[in-house]
Amino acid sequence: SGLSQEAGSVEQLSLHCAEGSLEWLYPTGALRLRLAPRLPPTSAAIKGGSLPHVTACIKPTGTFRGAQLYLEREGVLELLLPEAPRPRARCFSWLPQEKVALFLQATPHPDISRRIAAFRYELRGDWLARLALPAASLSAEGACRPCNDTEILMAICTSDFVIRGSIRSVSNDAELQESIIGVSATRIHRQKFPLFQVGGRPGRPVGSIRTPLRCGVKPGPGTFLFTGWLHFGEAWLSCAPRYRDFQRIYEGAQRTRQNPCEFPVD
């Protein structure tokens, strides 16, 4: 709470967790949040290769008021969230040796009405470049192109969810610049959280997967293998080959012993 801070003071905090939230009541002065996630060693670092980037995403609550959030990189400030921002995620990346922090600065107001500057955050090491996030600050040139064979094989091994099913509907949110794909699952191969639950047709789990609006997803017939990642509790699409194409790719990799993991193929 800012009520316990002196006017003009700067509180120093460190964010170590992979994800979490911060809520600042009656913002006064400023908070400097050092980003220091406890990341596992990566294969690149172990083998002496190039160090991967660390990625952070910030998503303000719909009631974010009383402060502005800046990214502090090597002493230079960049505005991430103005006061009363739209509830969209902002993402950015940096190298482990770079010094980065978040600077949350209270905005002056003539009254003392209750304000809360609150947001959720995610800190990830070596986040896959193909993760399709609607954030201009993340390089996403390839977010809309179809995955190649290698990316599909890696996706079934490493994704947060792998769902076989069909597209029920596609709706677009122009404000958030997102498309929401309604999916009816015929088989849940993996899901870290219960994203797909039984509803609608008896015994047929349903759920939704998001992708950037610019990708222009259209509803279509057929069975797909949907893979992707959790982002602030929502499913985001990575690779989605037609199931028959995935079978061909996987069986070919099996014959040459190049499949990175075992996967049940009908």
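- For the protein, the name recorded in an unreviewed UniProt entry is METRN protein, with Falcunculus frontatus as its organism.
- According to the UniProt record, the Sequence similarities (unreviewed entry) comment for the protein is "Belongs to the meteorin family."
- Per UniProt, the protein has the following entry under Subcellular location (unreviewed entry): "Secreted".

**Considerations on the overall build of the protein**
Argument step 1. Regarding its fold elements, the protein presents 3 helices and 15 strands.
Argument step 2. Expressed as a percentage of contacts within the protein between residues at least 6 apart in sequence, the contacts between residues at least 24 apart total 66%.
Argument step 3. Counting every atom, the protein has about 14000 Å² of accessible surface; 52% of that belongs to carbon and sulfur.

**Description of the pattern of salt bridges**
Argument step 1. In total, this model carries 5 salt bridges according to the counting rule given.
Argument step 2. Notably, a salt bridge pairs Glu72 with Arg32, separated by 2.9 Å at the nearest N-O pair. Of this pair, Glu72 sits in strand β5 (residues 67-73) while Arg32 sits in strand β3 (residues 30-35), and the two are 40 residues apart along the sequence.
Argument step 3. Arg210 is paired through a salt bridge with Glu178; the nearest N and O atoms lie 2.7 Å apart. One end of the pair, Arg210, is in strand β13 (residues 205-212); the other, Glu178, is in strand β11 (residues 178-191), with 32 residues separating them in the sequence.

**Describing unusual backbone geometry**
Argument step 1. One non-glycine residue with positive phi stands out, namely Glu74, at about 50°.
Argument step 2. Along the chain, the position of Glu74 falls in the loop between β5 and β6 (76-81).

**Notes on the environment of Arg242**
Argument step 1. With respect to the helices and strands, the residue Arg242 is situated in the loop between β15 (234-237) and α3 (243-255).
Argument step 2. Along the sequence, Arg242 and Thr223 sit 19 residues apart, while their C-alpha atoms lie 5.9 Å from each other.
Argument step 3. If sequence neighbours within four positions are ignored, Arg242 has contacts with Pro221, Gly222, Thr223 and Phe224.
Argument step 4. Among the polar contacts listed, one links the side chain of Arg242 to the backbone oxygen of Pro221, at a separation of 2.8 Å.

**A word on α3**
Argument step 1. Counted at 1.5 Å a residue, the expected span for α3 with its 13 residues is 18 Å, and the 18 Å between its end C-alpha atoms agrees.
Argument step 2. For α3, the set of buried residues is Tyr243, Phe246, Gln247, Ile249, Tyr250, Gly252 and Ala253.
Argument step 3. Tucked into the core, α3 has its buried residues touching α2 (149-158), β10 (161-173) and β14 (224-231).
Argument step 4. Of the residues flanking the end of α3, it is Arg257, one or two places downstream, whose phi is positive at about 55°.

**Looking at the nonpolar core**
Argument step 1. Leu35, Phe92, Leu102, Leu104 and Phe119 are the most contacted members of the largest nonpolar core, which has 25 residues in total.
Argument step 2. Listed by contribution, the elements that provide at least two residues to this core are β2 (19-25), β3, β4 (54-60), β5, β6, β7 (90-94), β8 (100-106) and β9 (116-125).
Argument step 3. Ranked by size, the runner-up nonpolar core spans 14 residues in total, among them Leu153, Phe246, Tyr250 and Phe263.

**Focus on the packing of aromatic side chains**
Argument step 1. This structure, assessed with the given rule, holds 6 aromatic pairs.
Argument step 2. Between Phe246 and Phe263 the ring centres are 5.2 Å apart and the planes differ by 85°, which places this aromatic pair in the edge-to-face class. With Phe246 in helix α3 and Phe263 in the segment after α3, this residue pair connects regions lying 17 residues apart in the sequence.
Argument step 3. Under the relative-accessibility criterion, Phe246 is labelled buried at 0%.
Argument step 4. Ring pairing ties together the aromatic residues Tyr243, Phe246, Tyr250 and Phe263, which thus form one cluster.

**Thoughts on the environment of Arg145**
Argument step 1. Considering the arrangement of structural elements, one finds Arg145 in the loop between β9 and α2.
Argument step 2. Judged by relative accessible area, which is 39%, Arg145 ranks as partly exposed.
Argument step 3. Residues Arg145 and Cys215, 70 residues apart in the sequence, show an inter-C-alpha distance of 8.2 Å.

**With respect to the sheet that holds strand β1 (residues 10-15)**
Argument step 1. On the basis of which strands lie adjacent, the open sheet formed by 5 strands has the order β1-β3-β8-β5-β6 and mixed pairing. Bordering the open sheet on either side are β1 and β6, each of which pairs with just one other strand. Sheet twist, expressed as the mean angle between neighbouring strand axes with direction ignored, is 25°.
Argument step 2. Direction of pairing for β5 relative to β6: antiparallel, over a ladder of 5 bridges. Within the sheet, the bridge partner assigned to Arg73 lies in β6 and is Val76.

Criteria and cut-off values
Residues numbered from 1 in each chain as written. Predicted model: local features only at pLDDT ≥ 70, side-chain atom pairs only at ≥ 80, totals over all residues. Heavy atoms only, no water. UniProt positions renumbered as here; feature names shortened; annotations may be inferred. Helix = DSSP H or I, 4+ residues; strand = E, 2+ residues; numbered from the N terminus. Contact = heavy atoms within 4.5 Å. Areas by Shrake-Rupley, 256 points an atom, 1.4 Å probe, with all protein chains shown as cover. Salt bridge = Lys/Arg side-chain N within 4 Å of Asp/Glu carboxyl O. Polar contact = N/O pair within 3.5 Å; in protein donor to acceptor, adjacent residues only side chain to side chain. Expected span 1.5 Å × (residues − 1). Buried < 20%, exposed > 50% of the residue type's maximum accessible area, 1.4 Å probe, protein only. Core = buried A, V, L, I, M, F, W, Y, C linked by side-chain atoms within 4.5 Å. Phe/Tyr/Trp six-rings, centres within 6.5 Å; stacked < 30°, edge-to-face > 60°. Pairing = 2+ DSSP bridges. Axes fitted to C-alpha atoms, helices over the stretch in contact; angles between N-to-C directions.

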